[in-house]
Amino acid sequence: MSDFLKPPKATILPHSLEKHGHVRDDNYYWLNNRENPTVIEYLNQENEYYHQSTAHTKDFQKDLFEEMKARIKEDDESVPYFYNGYYYITRFEKGKDYPIHSRKKGNLQAKEEILFDCNKMAQGHAYFNLSGLSISEDNIWASFGIDTVSRRQYTIQIKNLVTGEILPIKLENTAGGATWASDNKTLFYSRKDEVTLRADKIYKHKIGTTVEDDTLVYFEKDDTFDVSVYKSKSKKYIIINSSSTLTTEYQTVLAETPDAKFKVFQKRTRGLEYSISHFGNHFYIVTNKDKATNFKLMKTPENATSKENWVDVIAHREDVLLEDIDIFKDYLVVSERADGLNKIRIMPWGGEGEYYLPFESETYMAYTTTNLDFDTEILRYGYQSLATPPSVIDFNMKNKEKTILKEQEVLSRDFDSKFDKNNYQEERIWATATDGTKVPISMVYRKGMKKEGATPTLLYGYGSYGVTMDCHFSSVRLSLLDRGFIFAIAHIRGGEDLGRQWYDDGKLLKKKNTFTDFIDCSKFLISEKYTSPNHLYAEGGSAGGLLMGAIVNISPELYHGVIAQVPFVDVVTTMLDDTIPLTTGEYDEWGNPNAKKYYDYMLSYSPYDNVKAQSYPNMYIATGLHDPQVQYWEPAKWVAKLRVLKTDNNQLYLDTNMDAGHGGASGRFEAIKEIAKEYSFLIDLEGIKR
């Protein structure tokens, strides 16, 4: 970085925030206004500072991008799946950023029918995303959602797949998804609140009518819940789901009578979570009823759905998390997690001969995929690990034969040897947390790594919302591994990696376990001589960005560099503002700061509120101007405050994508450019010859 470059300093405009008799001074509150030209000017100044300061890495970023892109098979396509008489395929063409959605009638040799070419649809848009593709049962109509801003406010449109005409109707401000009733003319969809962006309404649209004629089917009054609508796999029911962090409620109506009144399946009871699947004359229910912390499977007659009628099918187990089910005519497939690892259990309805699919690695993920057909013996599932590219597999549940339909191709570069997963070592180790809890760490690195404390290591963490950090493969990650990095995942509390209790022990008034777990994992990697503070890097995004903000306040000396993507760092202010998208639905995750005990606890760890005069690691912080999930002003305020208080000369960059939101750039290659920025930051800090 050039010595004469001076970082921008945001104007200090004192602003006081009072709650529970406590006053917080927020000198950068004014950044909370994207319509203010001064705000945009400041963000542009930060961007310019980042670009100028990293100008010496620009050529390397381009090289990294080309290197990562070269590993990707550009003219790729998904494994076709069969549904209602058609094979559906998503494919990419060489040099193009966006997918093409198509189908073939009856067999794969039939003529291709292009449903949507997103490359053409994306023209003229800096951001583009097509979501929620839904086909009517007569195969004539397709509904789809379009977002061109990246605030996850989708406009649903309808296409006639026979004539190719897109109807002039536009259903605005929706969640993107929709589902067709069996009459092939009634479409159910969810709309969002204009301010909070909470999906709170279910509407019904009929082909041939105007938007003004749409009927409000359901309004969710409780602002801690959001709603969605879908059709059961059996196609018999349209189902409305109302959900909050801790509570769910479903309503059903027969798909053949879409104008009938929805019936509540089981009325909401705080703390009761359940999900439903229909098969035959019964509903099958995955639920935490009866204090089943790790969930169990129950069933009930379809004409008697309240909880007093539910009976156990698979009992609760203390050491096994029941995650999901797939129902077939002759088999029940259960997705479980034990000791942090995925398990797929095959259970014949006949009651005998159940078994688990065999997986040997400790750093893998296995998951059922598109299984839309009831009457089949074939289960389609996916498998990958930190060193093994994703595979799509058809497994015959009767004779136990498996067919690998596709393994992701990892192409080689002209100057690089062909990818061979045997060149990489996978490992799972266990760190001991401050309170004695054992925390797993999954890692991958090139074979031949020596534990001498000098290996650059990128430790990734999330630890919120019960989201499990599975061990997925990444071809772009090879650009780090092949330069001698270890990549590691800390499976910290707040996720659901080791069961539901693992989640409960990392939220609300136990949230700090998430941060101390990550720090203890970092210390363990150092003590075991995998790496050292001069070579350890940390990364997290969104709630994982909160994690990054917390660890650099608590133990900045452990890390040489930190990447924080769209970080949620102004916890107290955001959780007190119920006009911000998602806030009210987050109370069961973080607590409601309108109650003093939660206010005090949040205040004790909120990264923005706890910035202090000390040395901080080198930091690269990325955000999006239109992010509806973590507003851009959180990282902007955080960086502004860090610039004033930090006592070091380490790098601090705020990189704002002025065209994107929470998910970053939309094109598959544009997204890689963002990763190239992050990796060049790490590799430059490490001083590795490029």
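Reading the values: rules and limits
Note that residues are indexed from 1 along each chain, following the sequence as it is written. Only residues with pLDDT of 70 or above have their local features reported here, since the model is predicted, and side-chain atom pairs are shown and tallied only from 80 upward, although totals for entire chains, interfaces and linings are computed over all residues. Water and hydrogen atoms were dropped before computing side-chain values, which therefore reflect all heavy atoms in the structure. Secondary structure elements follow DSSP: runs of H or I of four or more residues count as helices, runs of E of two or more count as strands, with numbering from the N terminus. Two things to know: the radius of gyration comes from C-alpha atoms, and the globule rule equals 2.2 Å times the number of residues to the power 0.38. Using a 1.4 Å probe on the protein chains alone, a residue whose accessible area is under 20% of its type maximum counts as buried, one over 50% counts as exposed, and one in between counts as partly exposed. One speaks of a salt bridge when a side-chain nitrogen belonging to Lys or Arg is within 4 Å of a carboxyl oxygen belonging to Asp or Glu. Pairing between two strands requires that DSSP report at least two bridges joining them. For every element, the axis is a line fit to its C-alpha atoms; helices are fit only across the contacting stretch, and the angle between N-to-C directions ranges from 0 to 180 degrees. Residue contacts are defined here by distance: any two heavy atoms, one from each residue, within 4.5 Å place the two residues in contact. When two rings of Phe, Tyr or Trp (its six-membered ring) have centres within 6.5 Å they constitute a pair, described as stacked for plane angles under 30 degrees, edge-to-face for angles over 60, and tilted for the intermediate range. Here the expected length of a helix is defined as 1.5 Å per residue gap, with one fewer gap than residues. Small angles under 35 degrees read as roughly parallel and large ones over 145 as roughly antiparallel, with 65 to 115 read as roughly perpendicular and the rest as oblique. In this scheme, a crossing is called left-handed if the near helix is turned counterclockwise away from the far one by less than a right angle; it is called right-handed if the turn is clockwise. In this classification, the charged set is Asp, Glu, Lys and Arg, the nonpolar set is Ala, Val, Leu, Ile, Met, Phe, Trp, Tyr, Cys and Pro, and all remaining amino acids, among them Gly, are polar. The set of buried Ala, Val, Leu, Ile, Met, Phe, Trp, Tyr and Cys residues whose side-chain atoms join them within 4.5 Å is what this entry labels a nonpolar core. Any two cysteine sulfur atoms lying within 2.5 Å of each other are counted as a disulfide. Residue-level confidence of the predictor is what pLDDT reports, using numbers from 0 through 100.

1. Things to note about the overall build of the protein chain
A count of helical and extended segments in the protein chain gives 12 helices and 37 strands. Relative to the 2.2 N^0.38 estimate, which gives 26 Å for 690 residues, the radius of gyration of the protein chain is 26 Å and therefore close to what a compact globule would have. Projected onto its principal axes, the C-alpha positions of the protein chain cover 70 × 55 × 50 Å. A burial count over the protein chain gives 57% of its 690 residues as buried.

2. Topic: the pattern of salt bridges
Under the defined criterion, the tally for this structure stands at 44 salt bridges. A salt bridge links Lys73 to Asp75; its shortest N-O distance comes to 3.5 Å. The class for Asp75 is partly exposed, based on a relative accessible area of 48%. With a closest N to O distance of 2.9 Å, Asp588 and Arg270 form a salt bridge. Of the two residues, Asp588 sits in helix H9 (residues 587–590) while Arg270 sits in the loop between strand E17 (263–264) and strand E18 (274–279), which places them 318 residues apart along the sequence. Via salt bridges that share partners, Arg91, Glu93, Lys96 and Glu112 belong to a single interconnected network.

3. Section: the sheet that holds strand E11 (residues 186–192)
The seven strands are arranged E7-E8-E9-E10-E11-E12-E13 in an open sheet whose pairing can be described as antiparallel. Unpaired on one side and paired on the other, strand E7 (129–135) and strand E13 (215–219) mark the two borders of the sheet. Sheet twist, expressed as the mean angle between neighbouring strand axes with direction ignored, is 30°. One ladder, built from six bridges, connects strand E8 (residues 141–147) with strand E9 (residues 154–160); its direction is antiparallel. Across the sheet, residue Ile146 finds its bridge partner in E9, namely Thr155.

4. Re the sheet that holds strand E29 (residues 402–407)
Here four strands make up an open sheet; going across it, the order is E26-E27-E28-E29 and the pairing antiparallel. Strands with a single pairing partner mark the edges of an open sheet, and in this sheet they are strand E26 (364–368) and E29. If you compare each strand with its neighbour and ignore which way they point, the axes differ by 25° on average.

5. Section: the environment of Cys471
Residue position: Cys471 is located in the loop between strand E32 (457–460) and helix H4 (478–481). Expressed as a C-alpha distance, the spacing of Cys471 and Ile489, which sit 18 residues apart in the sequence, is 7.9 Å. If we ignore the near neighbours within four places in the chain, the residues touching Cys471 are Thr363, Tyr364, Met365, Gln384, Ser385, Leu386, Ser442, Ile489 and His491.

6. A word on the packing of aromatic side chains
In this structure the tally under the stated criterion is 36 aromatic pairs. Ring geometry for Phe359 and Tyr364: centres 5.2 Å apart, planes at 35°, overall tilted. The pair Phe359 / Tyr364 is uniform in exposure class, with both members buried. Both rings, one in Phe568 and one in Trp590, keep their centres 5.3 Å apart while their planes meet at 65°; by these two values the pair is edge-to-face. Of this pair, Phe568 sits in the loop between strand E35 (561–565) and helix H8 (571–576) while Trp590 sits in helix H9, and the two are 22 residues apart along the sequence.

7. Some points on helix H12 (residues 668–686)
The terminal C-alpha atoms of H12, which comprises 19 residues, lie 27 Å apart, in line with the 27 Å expected from a rise of 1.5 Å per residue. A positive phi of about 70° marks Gly687, the residue just after H12.

8. With respect to the packing of helix H6 (residues 512–527) against helix H7 (residues 543–554)
Where H6 contacts H7, the axes come no closer than 9 Å and their chain directions differ by 65°. With respect to their mutual orientation, H6 and H7 come out roughly perpendicular. As H6 runs across H7, the sense of the crossing is right-handed. The segment H6 lies against H7, with Thr514, Phe515, Phe518 and Ile519 engaging Leu546, Leu547, Met548, Ala550, Ile551 and Ile554. Residue classes in the contact of H6 with H7 are distributed as nine nonpolar, one polar and no charged.

9. A closer look at the nonpolar core
In terms of nonpolar packing, the biggest core is built from 110 residues, with Ile441, Phe518 and Trp638 touching the most fellow members. Among the elements that take part in this core, H12 stands out by supplying eight residues, more than any other. Non-local contacts of Trp638, meaning those with residues more than four positions away in its chain, are made with Gly549, Val552, Ala564, Pro567, Val569, Pro607, Tyr608, Val611, Met619 and Ile621.

10. Here's the deal with the state of the cysteines
Scanning the entire structure with this criterion turns up zero disulfides. For Cys471, which is in no disulfide, the shortest distance to another cysteine sulfur is to Cys521 and amounts to 13 Å. Residue class for Cys521 comes out buried when judged on its relative accessible area of 0%.

11. A look at the confidence of the model for the protein chain
When pLDDT is averaged across the protein chain, the result is 93; 97% of the residues are at 70 or more. Every residue in residues 661–665 scores below 50 in pLDDT, and together they form 22 contacts with partners more than four places removed in sequence or on other chains.

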